[in-house]
Amino acid sequence: MNPAALASLVRATAVEVLADRGLDSTVLPESVTVERPRNPEHGDYATNLALQVGKRVGVAPRDLATWLAQALSASDQIDEAQVAGPGFLNVRLAAAAQGGIVVDVETAGAGYGHGTELGGKHINLEFVSANPTGPIHIGGTRWAAVGDALGRVLAARGAQVTREYYFNDAGAQIDRFVQSLIAAVQGEPAPENGYAGAYIADIGAEVLKREPDALSLPPAERDETFRRIGVGLMFDQIKASLHDFGTDFDVFFHEDSLHTSGAVTRVVEQLKESGHLYLKDGAWWLRSTDYGDDKDRVVIKSDGQPAYIAGDIAYFEDKRARGADLCIYMLGADHHGYTARVKAAAAALGDDPNTVEVLLGQLVSLVKDGKPVRMSKRAGTVVTMEDLVEAVGVDAARYALIRSSVDATLEVDLDLLAQRVRANPVFYVQYAHARICRVVENSTKFTMDPAGADLGLLTHEREGTVIRTLGEFPKVVTTAAELREPHRVARYLEELAGALHKWYDDEENLRILPRGDEEVAPVHLARLRLALAVRQVLVNGLEMLGVSAPERM
């Protein structure tokens with residue numbers, strides 16, 4: 001019996017209890033909350049239903065809880081139901097009923113933890129979107145990991161997810177990048193506010209390799225040549241780095257296309273005609289304060305050039321035209337003003353501001369030998385994705401960046417992630433999977449078919465903890481999708497791995513496989529069946545994080 005099934009049983013029992021006493025059962029909530037208590041000694045699950053509705057039906061909550069306990073105790077699925085405090089109800093499941101969670105895992109297989117509540121919803125998820133002027137820095141790497149994991153979690157709950165990268169190939173930063181390439185091949189220092197590092201020299205040299213006469217062209221043609229080839233080379237490197245990191249995109253959207261296609265001009269004229277833009281000091285301003293922004297925003301500057309928000313507005317409209325029901329933007333902490341601005345733009349276009357969500361990620365720092373890592377080997381000024389992957393590998397890098405809420409700054413200890421110790425969270429989880437794979441491999445020495453094994457034999461508290469933890473997975477994934485917090489999946493996997501390790505390490509009382517010539521007992525089969533269910537859930541959870549589940553470590 002999983003938590004959802006127990007919640008249904010508690011509600012159905014409450015309906016009967018109230019009806020038997022002539023009380024109003026319509027006050028019962030449609031969904032009853034059933035949670036695992038912090039102290040396992042209190043029971044397997046607890047509910048505060050009696051506290052919620054007791055007074056509403058004119059009964060002391062503790063009395064109602066007592067009636068529920070008596071009725072539930074009569075069920076063959078409940079081992080014990082006890083009242084605690086002013087009306088809490090603690091429940092212990094019968095071992096056989098608890099084993100139903102294992103059956104749920106077996107039945108769903110790779111689909112365990114998946115759901116359909118987001119079915120029919122098209123979510124455009126934009127993340128990373130680093131400027132194509134250099135390698136992806138560590139902040140963008142955090143979004144590459146978290147964004148990809150969030151996309152997987154949303155898809156697991158039924159959403160149609162479009163993973164999108166906004167390619168910023170327009171604006172002053174591209175001009176500075178081009179001039180930096182030219183300066184590098186000419187042996188000159190980078191221009192003011194330009195870009196430096198070995199990658200600039202490498203790309204500049206590759207441009208000349210492809211267009212040997214580029215430097216002899218007239219300045220405008222020269223710049224366009226370095227722009228066309230250089231930006232393309234940089235973006236190819238970025239895409240290759242992301243792919244190697246396990247992050248791929250469905251759409252690479254070019255900012256420049258919004259200008260060349262006339263989309264920016266069209267949306268500006270639309271806003272002028274609707275009265276949402278006004279002219280002041282030679283510039284056109286969006287009345288964004290009408291929709292909750294802290295100030296109105298310039299859309300067309302006094303020199304006639306579009307401000308950055310002009311492209312943002314056209315881009316949002318384009319996403320909606322492509323069928324997105326919800327547009328999620330994952331941005332750095334320095335974009336804190338972006339939320340109100342884009343929501344205001346949506347409202348000015350006559351759209352629902354709630355179709356916009358902006359997630360802001362805090363800074364990431366790397367530590368090695370107890371000291372901050374500040375410089376990249378290639379970029380020269382920032383720490384990059386390649387630096388992190390080179391230091392600890394893709395799995396450890398992804399997991400370390402995903403397992404913490406993006407609302408908090410993150411310090412990544414490179415020394416810890418490189419060690420094969422239990423204090424290393426990714427090793428801790430992957431090792432749990434590898435241990436089970438070793439058990440399965442060793443089980444071939446015996447005649448063991450765990451299919452249909454009696455799960456009612458799993459009566460030890462540590463076995464119960466493992467089973468109940470398995471039962472929490474669907475709820476964890478649902479919450480992670482609702483709150484846009486894939487780190488919840490990682491933390492859950494650590495909890496499941498911990499439960500597995502404690503169970504596995506108690507070899508004296510809880511051996512999964514027989515010793516030596518010992519005969520295979522029914523309890524061995526039941527334990528192997530449980531171990532296989534744990535392996536399945538570990539695989540499912542790691543898949544949602546884009547992290548591998550190695551069979552040997």
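This structure is a prediction, so every number in the text was calculated from the model and none was measured.

(A) Seen up close, the overall build of the protein. In terms of helices and strands, the protein carries 21 helices and 14 strands. In terms of its C-alpha atoms, the protein occupies a principal-axis envelope of roughly 90 × 60 × 40 Å. Looking at the 553 residues of the protein, the share that counts as buried comes to 50%. In the protein, 70% of the contacts between residues at least 6 apart in sequence involve partners at least 24 apart. Element-wise, carbon and sulfur atoms account for 48% of the exposed surface of the protein, whose accessible area totals about 24700 Å². Where the 57 positive side-chain charges of the protein centre and where its 78 negative ones centre are 3 Å apart.

(B) Inspection of the environment of arginine 527 at higher detail. Along the chain, arginine 527 falls in helix 21 (residues 522-545). Look at arginine 527 and you get buried, because its relative accessible area is 10%. The residues touching arginine 527, leaving out its near neighbours within four places in the chain, are Leu458, Glu463, Trp503, Asn509, Leu510, Arg511 and Ile512.

(C) Summary view of helix 8 (residues 198-210). With 13 residues, helix 8 extends 19 Å between its outermost C-alpha atoms, agreeing within 8% with the 18 Å of an ideal straight helix rising 1.5 Å per residue. Along helix 8, the positions that sit buried rather than exposed are Tyr199, Ile200, Ile203, Gly204 and Val207. Buried residues in helix 8, looked at end-on, bunch into an arc of 135 degrees, giving them a common side. Turning to helix 8, the residues buried within the fold contact helix 7 (172-185) and helix 9 (219-244).

(D) Region of the structure containing the packing of helix 7 against helix 8. The contact between helix 7 and helix 8 brings their axes to 8 Å, and the two run at 80 degrees. Between helix 7 and helix 8, the angle is such that the two are roughly perpendicular. On helix 8, the residues touching Phe177, Ser180, Leu181, Ala184 and Val185 of helix 7 are Tyr199, Ile200, Ala201, Ile203, Gly204, Ala205 and Leu208. Across the contact of helix 7 with helix 8, the residue classes tally to 10 nonpolar, two polar and no charged.

(E) Just the nonpolar core, in detail. Judged by nonpolar contacts, the single largest core of 140 residues is most densely connected at Leu6 and Val128. Of all the elements, helix 21 adds the most residues to this core, at 11 residues. The residues touching valine 128, leaving out its near neighbours within four places in the chain, are Ile136, Gly140, Trp143, Ala144, Tyr165, Leu242, Phe249 and Met330. With 31 residues, the next largest nonpolar core counts Val299, Ile309, Ala314 and Leu349 among its residues.

(F) Structural view of the confidence of the model for the protein. Residue-level pLDDT values for the protein average 93, and 99% of them are 70 or greater. In the model of the protein, helix 20 (residues 507-510) stands out as the element of lowest mean pLDDT, 80, in contrast to strand 4 (residues 122-126), which has the highest, 98.

(G) Up close: the sheet that holds strand 3 (residues 88-93). Strand order in the open sheet formed by three strands is 1-3-2, and the pairing between neighbours is antiparallel. At either end of the open sheet lies a strand with only one pairing partner, and these are strand 1 (45-47) and strand 2 (78-84). Along the sheet, successive strands turn relative to each other by an average axial angle of 20 degrees, direction set aside. In the sheet, strand 2 pairs with strand 3 via six bridges, with the strands oriented antiparallel. Paired with isoleucine 78 across the bridge in strand 3 is leucine 93. With respect to the sheet, helix 1 (residues 3-20) is in contact with strand 1, strand 2 and strand 3, its orientation differing from that of strand 1 by roughly 40 degrees.

(H) Representation of the packing of helix 1 against helix 3 (residues 61-73). Following both chains from N to C, one finds helix 1 and helix 3 inclined at 110 degrees, their axes separated by 10 Å at the closest point. Taken together, the axis directions place helix 1 and helix 3 in an arrangement best described as roughly perpendicular. Once helix 1 is placed against helix 3, the crossing between them reads as right-handed. Between helix 1 and helix 3, the residues in contact are Leu9, Val10, Thr13, Ala14, Val17 and Leu18 and Leu64, Trp67, Leu68, Ala71 and Leu72, respectively.

(I) Inspection of the sheet that holds strand 12 (residues 364-368) at higher detail. Ordered in space as 13-12-14, the three strands form an open sheet in which the pairing is mixed. Because the sheet does not close on itself, it has two edges, and the strands there are strand 13 (371-373) and strand 14 (410-413). Across the sheet, the mean angle from the axis of one strand to that of its neighbour is 40 degrees, orientation sign disregarded. Where strand 12 meets strand 13, three bridges bridge the pair, whose relative direction is antiparallel. Its bridge partner being in strand 13, leucine 366 is matched across the sheet by valine 373.

(J) Highlighting the side chain of histidine 122. Mapped onto the elements of the fold, histidine 122 is located in strand 4. By relative accessible area, which is 11% here, histidine 122 ends up buried. Every residue in contact with histidine 122, bar those within four places of it in the chain, is listed here: Gln160, Thr162, Arg322, Gly323, Ala324, Asp325 and Leu326.

(K) Looking closely at the environment of glycine 516. Mapped onto the elements of the fold, glycine 516 is located in the loop between helix 20 and helix 21. Glycine 516 sits 71 residues away from lysine 445 along the chain, and the two C-alpha atoms are 9.9 Å apart.

(L) Layout of the packing of aromatic side chains. Under the definition given, this model contains 16 aromatic pairs. Consider the rings of tyrosine 165 and phenylalanine 252, whose centres lie 5.7 Å apart with planes at 45 degrees: the pair is tilted. A residue pair is termed long-range when its members are at least 10 positions apart, and tyrosine 165 in strand 5 (residues 160-167) and phenylalanine 252 in strand 6 (residues 251-254) qualify at 87 residues. For tyrosine 165, a relative accessible area of 0% corresponds to the buried category. Residue class for phenylalanine 252 comes out partly exposed when judged on its relative accessible area of 28%. Ring centres of phenylalanine 427 and tyrosine 431 lie 5.3 Å apart, and the angle between their planes is 10 degrees; on these two criteria the pair is classed as stacked.

Reading the values: the criteria
- Residues numbered from 1 in each chain as written.
- Predicted model: local features only at pLDDT ≥ 70, side-chain atom pairs only at ≥ 80, totals over all residues.
- Heavy atoms only, no water.
- Helix = DSSP H or I, 4+ residues; strand = E, 2+ residues; numbered from the N terminus.
- Buried < 20%, exposed > 50% of the residue type's maximum accessible area, 1.4 Å probe, protein only.
- Contact = heavy atoms within 4.5 Å.
- Areas by Shrake-Rupley, 256 points an atom, 1.4 Å probe, with all protein chains shown as cover.
- Lys, Arg positive; Asp, Glu negative; His and termini not counted.
- Charge placed at Lys NZ, Arg CZ, Asp CG, Glu CD.
- Expected span 1.5 Å × (residues − 1).
- Arc of directions from axis to C-beta.
- Axes fitted to C-alpha atoms, helices over the stretch in contact; angles between N-to-C directions.
- Parallel < 35°, antiparallel > 145°, perpendicular 65-115°, else oblique.
- Nonpolar A, V, L, I, M, F, W, Y, C, P; charged D, E, K, R; others polar.
- Core = buried A, V, L, I, M, F, W, Y, C linked by side-chain atoms within 4.5 Å.
- pLDDT = per-residue confidence, 0-100.
- Pairing = 2+ DSSP bridges.
- Left-handed = near helix turned anticlockwise from the far one by under 90°.
- Phe/Tyr/Trp six-rings, centres within 6.5 Å; stacked < 30°, edge-to-face > 60°.

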